[in-house]
Amino acid sequence: MDVGVGGALVVNNKQRAMLPNKGRGEFIRNQRKDSEGFSESPDLEFEYADTDRWAAELSELYSYTEGPEFLLNKKCFTEDFRTHVTDKKWTELDATQHRAHAMRLLDGLEVTAREKRLKVARAILYMAQGTFGECCSEAEVQHWMRYNIFLLLEVGTFSALVELLNMEIDNSAACSSAVRKPAISLADSTDLRVLLNIMYLMVETIQQEDEADKPEWRAARETFKTELGSPLYNNEPISVMLFGMVTKFCSGHAPHFPMKKVLLLLWKSILFTLGGFEQLQNVKIRRREELGLPPLPEDSIRVIRNMRAASPPASASDLIEQQQKRARREHKALIKQDNLDAFNEKDPYKSDDPREDEDDNDDNDNSLEAETFPLERDEVMPPPIPHPPSERVSFPKGLPWAPKVREKDIENFLESSRSKFIGYTLGNDTDTVVGLPRPIHESIKTLKQHKYISVAEIQIRKEEEFQKTPLSGGEEEVDMSPTELLYQGILPSLPQYMIALLKILLAAAPTSKAKTDSINILADVLPEEMPTTVLQSMKLGVDVNRHKEIIVKAISAILLLLLKHFKLNHVYQFEYMAQHLVFANCIPLILKFFNQNIMSYITAKNSISVLDFPHCVVHDLPELTAESLEAGDNNQFCWRNLFSCINLLRILNKLTKWKHSRTMMLVVFKSAPILKRALKVKQAMMQLYVLKLLKVQTKYLGRQWRKSNMKTMSAIYQKVRHRLNDDWAYGNDLDARPWDFQAEECALRANIERFNSRRYDKGQGNPDFLPVDNCLQSVLGQRVELPEDFQMNYDLWLEREVFSKPISWEELLQ
């Protein structure tokens, strides 16, 4: 027996035959129990959204090792409060006194002494944390958080924090000290962590809309949103400053930066200023109206939310049991034809392990539909068991998505039809149907009925016109939206930003091996003194795993949001970012991430709920034991890990869609078995994006793969949008020729560079349209500064380039 991928037990035909009948049945029953987690499990009750619940997002800001600092913040605030205010509690003061004290604390941030400044910052952080010492419940903490944070925003705290953060980023003494240290711990990033904590709490709380908010709070939210996305801080949006911190950390110049907090703040800043998935949908609808395009056929978010998950491909144990049943049936007497039909519905899918495929290759009949029929030795077919009406499965009527057709598809169809029936072609003409048979007319009518023109196609067409007529085309009106401002801010260093994010993602992936040369992302989770007891070690282990999961969640959300917003703003902005992600090996990195036991990752219990904020500051902590740490929470799955997986699959889809060269990368990196394993997660949205990725490469995987994976093929047909005329299941695509992939990427890169230089490189201008000096006298009269090394070797240059080369003056004169 062998252990397959993910630890599945693989039994070949010989070993199976050696098992006695009784032992064989017991073995199968045990295997069935093991596989029940995949094949029998219910759908995961997960609703995909921009973020998790507010309380969960607050708790993920803090590591468990930061726990003691909550009381330290309280102490700093209380000492200062008692010095300047009477013995009243914060919650007992009126609005005027609150504002006066907040202003006093803000003035305290301007002192030069670092220790005093840190104490004041901690006091402000305690305010942002909801002055929890005076609260009795989590709801009360959250109420005072909102009140205090809007108060801090009103007195101008955020601008002061940005200035202090800039000082800390440029603090060369702290950077050089951290670089020299053999081991960096939580203590090295104290000042940065306090500042980032306050900034994160402010952004995260202000972006949460509440019906009970006062009108002035709503006005303050809109103003703050505009300021965050505008180049007000250091002449750049706040997100650009945070991207700079990420690259500085990855370059090794600032290993003490608390990267998890930086990434969380970067994610929430982008989410707040640019908008989430529903805002994207609204912008898309508005943009289509402005361009005169027909409305979207459906709201994709709603369609996906109404989908149900498909049952995953069978495991090894299911297939063994099916073969046993088939073997038993072969020895049966004649069975009525009606009963035989129930078994004749074949579905030849296999498990993911390649060795299993090898074992079963000689057995053509090896995989029936994974239905369990109660066939015992002495009965042919039991009577059907009546089900109560509530258990009856209701199948959706029709397919979930409206089909789509591109203009190019209609052109290709007409071209092939004309050459086939008439023997001539008309180029891009999609209206002339003279001489074509009636069924072709009907086909063209159906194709045009479902034609979909995207915003990107219009943008590409406009860009081509600008490039063709740079003088008569006029000036392009660019809407200075937050997305446009962010793109302009990150454009000069976008390749470095993408590499840095992927480096951190690689370091945080659970499949990555610990290497000495990889970046240390645990600087802001490791305590100064390493654990001495088993319990402390277990707690730190949970903390480290949770820390990595949160980093993956933040990076996946950042990349997806940027790709989606850039694509809607201008398709070449999206292509520029996507191409640099591909160049930085994003596709194999995501596949490496999924090449793990994905069910274990999604159901991981790396959290200690009693230590989560705000629970830990309101309730008395119970004594932690090894058993309580091992138990984890009672949730069916981990929200952040499922969210990360869906984001990464969506990024992979965005990078590969309509790009044959990148689709071939999926094939070359053998993504099919990795993606097929991800189908074991019974969540409709995740399965949809896996099936999309399998669909685009199906034609390249060969007939045998399609034959062996009919259940997956059926799921693709049922769940993924149909592109009429797309023969994804057969492999007859003319675009699939493998010799022009390099040219495709080069052409795209050239288009992107032309777009960026035309729109953003104002100083350069188009060299073809600059004034030219044709006067020989003035050109020869210009003084040219020659480099020093050229002047020193001028004699050698004359000898090599002039005297030693024969010149045919007759040819020159002609």
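As the structure is a prediction and not an experimental result, all values here were calculated from the model. (Residues numbered from 1 in each chain as written. Predicted model: local features only at pLDDT ≥ 70, side-chain atom pairs only at ≥ 80, totals over all residues. Heavy atoms only, no water.)

A few points about the overall build of the chain
Of regular secondary structure, the chain possesses 40 helices and two strands. A buried classification covers 48% of the 814 residues belonging to the chain. Across the chain, every contact between residues at least 6 apart in sequence was considered, and the portion connecting residues at least 24 apart equals 79%. (Helix = DSSP H or I, 4+ residues; strand = E, 2+ residues; numbered from the N terminus. Buried < 20%, exposed > 50% of the residue type's maximum accessible area, 1.4 Å probe, protein only. Contact = heavy atoms within 4.5 Å.)

Let's talk about the packing of helix 23 (residues 494–508) against helix 24 (residues 534–569)
Look at helix 23 against helix 24: their axes get within 9 Å of each other, and the N-to-C directions meet at 150°. Classed by the angle they form, the pair helix 23 and helix 24 counts as roughly antiparallel. Both helix 23 and helix 24 take part in a crossing whose hand is left-handed. Across from Met498, Leu501, Leu502, Ile504, Leu505, Ala507 and Ala508 in helix 23, the residues of helix 24 making contact are Lys548, Ile551, Val552, Ile555, Ile558 and Leu559. Here the contact of helix 23 with helix 24 is built from residues that sort into twelve nonpolar, no polar and one charged. (Axes fitted to C-alpha atoms, helices over the stretch in contact; angles between N-to-C directions. Parallel < 35°, antiparallel > 145°, perpendicular 65-115°, else oblique. Left-handed = near helix turned anticlockwise from the far one by under 90°. Nonpolar A, V, L, I, M, F, W, Y, C, P; charged D, E, K, R; others polar.)

Observations regarding empty space enclosed by the protein
In total, this model carries six cavities of 30 Å³ or more according to the counting rule given. Leu109, Arg114, Arg117, Leu118, Ala121, Leu164, Glu168, Asp191, Val194 and Leu195 together form the lining of the largest cavity. At four residues, the largest contribution of residues to the lining of the largest cavity is made by helix 6 (residues 114–128). The class makeup of the residues in the lining of the largest cavity is six nonpolar, no polar and four charged. (1 Å grid on protein atoms, 1.4 Å probe; cavity = no way out; pocket = protein on both sides within 12 Å on 5 of 7 lines; lining within 4 Å. Points joined across faces, edges and corners; volume = space filled by probe spheres on them.)

Here we look at the packing of helix 26 (residues 586–594) against helix 31 (residues 660–668)
A pair of packed helices can be characterised by two numbers: the angle between their axes and the separation between those axes. Viewed as axis vectors pointing N to C, helix 26 and helix 31 meet at an angle of 35°, and their least axial separation amounts to 10 Å. By crossing handedness, the relation of helix 26 to helix 31 is classed as right-handed. From helix 26, Ile587, Pro588 and Leu591 reach across to helix 31, where they touch Arg662, Met665 and Leu666. Tallied by class, residues from the contact of helix 26 with helix 31 come to five nonpolar, no polar and one charged.

Describing the pattern of salt bridges
For the structure on display, the rule yields 40 salt bridges. A salt bridge links Asp43 to Lys682, with the shortest nitrogen-to-oxygen separation between them at 4.0 Å. Residue Asp43 is located in the loop between helix 2 (21–39) and helix 3 (54–59), and its partner Lys682 is located in the loop between helix 32 (671–678) and helix 33 (684–697); the two are separated by 639 residues in the primary sequence. For Asp43, a relative accessible area of 15% corresponds to the buried category. Accessibility expressed as a relative area gives 12% for Lys682, which makes it buried. Note that Arg99 is salt-bridged to Glu154, the shortest N-O span being 2.6 Å. Within this pair, whereas Arg99 is found in helix 5 (residues 95–108), its partner Glu154 is found in helix 7 (residues 138–154), the two being separated by 55 residues in sequence. You can call Arg99 partly exposed: its relative accessible area is 35%. (Salt bridge = Lys/Arg side-chain N within 4 Å of Asp/Glu carboxyl O.)

Some points on the nonpolar core
Counting 186 residues, the largest nonpolar core has Phe158, Leu263, Ile504, Phe594 and Met686 as the members making the most contacts within it. With 16 residues, the single largest contributor to this core is helix 24. Both of domain 1 (54–290) and domain 3 (482–742) provide at least three residues apiece to this core. Counting eight residues, the second largest nonpolar core, distinct from the first, contains Ile410, Phe413, Leu414 and Leu436. (Core = buried A, V, L, I, M, F, W, Y, C linked by side-chain atoms within 4.5 Å. Domains from an automatic or database assignment.)

Looking at the confidence of the model for the chain
Counting all residues, the mean pLDDT for the chain is 82, and 82% of those residues have values of 70 or more. Per-residue pLDDT stays below 50 along residues 1–39; that stretch engages in 61 contacts with residues further than four places along the chain or on separate chains. Note on residues 332–396: pLDDT under 50 across the span, and 103 contacts to partners over four residues away in sequence or across chains. (pLDDT = per-residue confidence, 0-100.)

Observations concerning the environment of Phe583
Here Phe583 is to be found in helix 25 (residues 571–583). Among the residues examined, Phe583 registers a relative accessible area of 42% and is labelled partly exposed.

Describing the packing of aromatic side chains
The geometry of two aromatic rings is summed up by the distance between their centres and the angle between their planes. Inspection of every chain in the model, using the stated rule, returns 29 aromatic pairs. On the basis of an interplanar angle of 20° and a centroid distance of 5.4 Å, the ring pair of Tyr48 and Phe277 is categorised as stacked. With a gap of 229 residues between them, Tyr48 in the loop between helix 2 and helix 3 and Phe277 in helix 14 (residues 277–290) connect regions that are remote in the sequence. Comparing Tyr48 with Phe277, the two get one shared label, buried. (Phe/Tyr/Trp six-rings, centres within 6.5 Å; stacked < 30°, edge-to-face > 60°.)

Quick look at helix 25
Compared with the 18 Å implied by 1.5 Å per residue over 13 residues, the 18 Å span of helix 25 between its first and last C-alpha is a close match. Three or more residues of helix 25 are buried, namely Val571, Tyr572, Gln573, Phe574, Glu575, Tyr576, Met577, Ala578, Gln579, His580, Leu581 and Val582. Backbone geometry just after helix 25 places Asn585 at a positive phi near 65°. (Expected span 1.5 Å × (residues − 1).)

A few points about the side chain of Gln459
In this fold, Gln459 is placed in helix 21 (residues 455–468). When its relative accessible area of 9% is taken as the criterion, Gln459 is described as buried. A distance of 2.9 Å separates a polar side-chain atom of Gln459 from the backbone nitrogen of Val571. Gln459 has contacts with Arg287, Lys567, Leu568, Asn569, His570 and Val571, leaving out every residue within four places of it along the chain. (Polar contact = N/O pair within 3.5 Å; in protein donor to acceptor, adjacent residues only side chain to side chain.)

Focus: helix 4 (residues 69–84)
A rise of 1.5 Å per residue sets the reference length of helix 4, with its 16 residues, at 22 Å; its end C-alpha atoms lie 23 Å apart and thus fit the reference within 8%. Along helix 4, the positions that sit buried rather than exposed are Glu69, Phe70, Asn73, Cys76, Phe77, Asp80 and Phe81. When helix 4 is viewed along its axis, its buried side chains cluster within an angular range of 130° and face the same direction. Seen from the open side of helix 4, the exposed residues pointing more than 90 degrees away from its buried face are Leu71, Arg82 and Thr83. Packed against the buried residues of helix 4 are helix 5, helix 6, helix 10 (190–207) and helix 28 (615–618). (Arc of directions from axis to C-beta.)

Topic: unusual backbone geometry
Phe613 connects to Pro614 through a cis peptide bond whose omega is 5°. Along the chain, Pro614 falls in the loop between helix 27 (598–602) and helix 28. Even without glycine at this site, Asn585 takes up a positive phi of about 65°. Using a relative accessible area of 46% as the deciding quantity, one classes Asn585 as partly exposed. The phi dihedral of Trp658 falls on the positive side, at around 65°, and the residue is not glycine. Assignment of secondary structure puts Trp658 in the loop between helix 30 (639–656) and helix 31. For Trp658, a relative accessible area of 44% corresponds to the partly exposed category.

Brief notes about the side chain of Asp213
Tracing the chain through its elements places Asp213 in the loop between helix 10 and helix 11 (215–229). A polar contact of 2.7 Å, which involves the side chain of Asp213, links it to the side chain of Arg221. Excluding residues within four positions of it along the chain, Asp213 makes contact with Arg146, Gln208, Arg218 and Arg221.

Some points on a nonpolar patch on the surface
Where nonpolar side chains cluster on the molecular surface, the patch consists of Phe421, Ile422, Tyr424, Leu426 and Val434 and spans about 420 Å² of accessible area. Note on Phe421: relative accessible area 42%, which makes it partly exposed. (Patch = residues over 30% accessible without salt bridge, like charges linked within 9 Å, V, L, I, M, F, W, Y side chains within 5 Å. Areas by Shrake-Rupley, 256 points an atom, 1.4 Å probe, with all protein chains shown as cover.)

Observations regarding the environment of Ile598
Position of Ile598 relative to the elements: it lies in helix 27. On the accessibility criterion, Ile598 (4% relative accessible area) is buried. Separated by 81 residues in sequence, Ile598 and Leu679 have C-alpha atoms that sit 9.4 Å apart. Not counting residues within four places of it along the chain, the set of residues in contact with Ile598 comprises Cys645, Arg677, Ala678, Val681 and Met686.

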